[in-house]
Amino acid sequence: MIDDILQYNRQFVAEKGYEPYVTDKYPAKGLAVLTCMDTRLTELLPKALGLRNGDAKIIKNAGGLILSQTDSAIRSLLVGIYELGVKEVMVVHHSGCGACHMSFDAFRPHMLEHGISEGIIATWRKKGIARWLEGFHDTEASVRRTVAAIVNHPLVPKDIVVRGFIIDSVTGELTEIQ
């Protein structure tokens, strides 16, 4: 698959397919969106939000979650705020999210099948992997927790607007979560 992508890329560049997407690094709408990496959202989310290339910083991870005050999602948001002019943050979870059922116990057998040893798994269990791989069971509550993690982060300025939503993974309809 990667070789096919590389072949396509060479043609894309040769034909200047990139020209409609040229922009700078600053989000034109002063917006960052923290969302899930779900493939259903790749094109649906920006279209449903009316975003074009260059309008917003879109930060994706499994579940659109913030797990600690130093995780990569917070790091990306802080860079967006302090370096790139982000003034508003949308947290957008989605219907039917696989992170609703994620757990270390579900991953463990797959790790073993892929050759990860019991010893390595035990070492990582001591490091807190069970919490790290845990998803959530209530999407609305997860949106609220994620919004609160951003709003209450000591390095996020109080004038940054942070709001939470759930997007329907089929229709793109947004529901705001208070």
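Look up a bit, the structure's there.
What counts and how
- Residues numbered from 1 in each chain as written.
- Predicted model: local features only at pLDDT ≥ 70, side-chain atom pairs only at ≥ 80, totals over all residues.
- Heavy atoms only, no water.
- Buried < 20%, exposed > 50% of the residue type's maximum accessible area, 1.4 Å probe, protein only.
- Helix = DSSP H or I, 4+ residues; strand = E, 2+ residues; numbered from the N terminus.
- Pairing = 2+ DSSP bridges.
- Core = buried A, V, L, I, M, F, W, Y, C linked by side-chain atoms within 4.5 Å.
- Axes fitted to C-alpha atoms, helices over the stretch in contact; angles between N-to-C directions.
- Contact = heavy atoms within 4.5 Å.
- Expected span 1.5 Å × (residues − 1).
- Patch = residues over 30% accessible without salt bridge, like charges linked within 9 Å, V, L, I, M, F, W, Y side chains within 5 Å.
- Areas by Shrake-Rupley, 256 points an atom, 1.4 Å probe, with all protein chains shown as cover.
- Salt bridge = Lys/Arg side-chain N within 4 Å of Asp/Glu carboxyl O.
- Polar contact = N/O pair within 3.5 Å; in protein donor to acceptor, adjacent residues only side chain to side chain.

Caption draft 1: Representation of the pairing of strand 3 (residues 88–94) within the structure. Burial analysis of strand 3 places six of its seven residues in the buried class, which makes it a mostly covered element. Taken together, the five bridges between strand 1 (residues 31–36) and strand 3 define a ladder with parallel strand orientation. By the bridge assignment, Leu-34 is partnered in strand 3 with Val-91. With seven bridges joining them, strand 3 and strand 4 (residues 161–167) adopt parallel strand pairing. Each bridged residue has a counterpart across the sheet, and for Val-92 the counterpart in strand 4 is Phe-165.

Caption draft 2: Main features of the nonpolar core. In terms of nonpolar packing, the biggest core is built from 20 residues, with Ile-66, Leu-77, Val-89, Ile-150 and Val-162 touching the most fellow members. If you list the elements that add at least two residues to this core, you get strand 1, helix 3 (72–84), strand 3, helix 7 (139–151) and strand 4. Counting 18 residues, the second-largest nonpolar core is a separate cluster that includes Val-33, Leu-51, Ala-99 and Cys-100.

Caption draft 3: Structural detail: the sheet that holds strand 5 (residues 174–177). The sheet built from five strands is open, its strands ordered 2-1-3-4-5 with mixed pairing. Two strands in the sheet have a free side with no partner beyond their single neighbour: strand 2 (56–61) and strand 5. Each adjacent strand pair in this sheet contributes to an overall mean axis angle of 25°, direction not counted. Contacts between helix 7 and the sheet are confined to strand 1, strand 3, strand 4 and strand 5, with strand 4 contributing the most and set at about 160° to the helix.

Caption draft 4: Region of the structure containing helix 1 (residues 2–14). Under the 1.5 Å per step criterion, the end-to-end length of helix 1 is 18 Å for 13 residues, consistent within 8% with the ideal 18 Å. Lys-16, located one to two residues past helix 1, shows a positive phi value of around 55°.

Caption draft 5: Up close: a nonpolar patch on the surface. Side chains of Val-13, Tyr-18 and Val-22 sit close together on the surface and give an oily, nonpolar patch of about 270 Å² of accessible area. Turning to its location among the elements, Val-13 is positioned in helix 1.

Caption draft 6: Representation of helix 3 within the structure. The complete set of buried residues in helix 3 reads Ala-73, Ile-74, Leu-77, Leu-78, Gly-80, Ile-81 and Leu-84. Lining the buried residues of helix 3 we find strand 1, strand 2, strand 3 and helix 7. A distance of 3.1 Å separates the backbone nitrogen of Ala-73 from a side-chain oxygen at the start of helix 3, and that oxygen is part of Asp-71. Within two residues after helix 3, Gly-85 carries a phi angle of roughly 85°, on the positive side.

Caption draft 7: Examining the pattern of salt bridges more closely. In total, this model carries four salt bridges according to the counting rule given. Across the pair Glu-140 and Arg-144 runs a salt bridge whose closest N-O atoms are separated by 3.3 Å. Here Arg-144 and Glu-140 lie together in helix 7, a separation of four residues that amounts to about one turn. Here Glu-140 falls in the partly exposed class, since its relative accessible area comes to 39%. A relative accessible area of 39% places Arg-144 in the partly exposed class. Note that Arg-163 and Glu-176 form a salt bridge whose closest N and O atoms lie 2.7 Å from each other. One end of the pair, Arg-163, is in strand 4; the other, Glu-176, is in strand 5, and 13 residues separate them in sequence. A residue is classified by how much of its surface remains accessible, and Glu-176, at 30% relative accessible area, is partly exposed.

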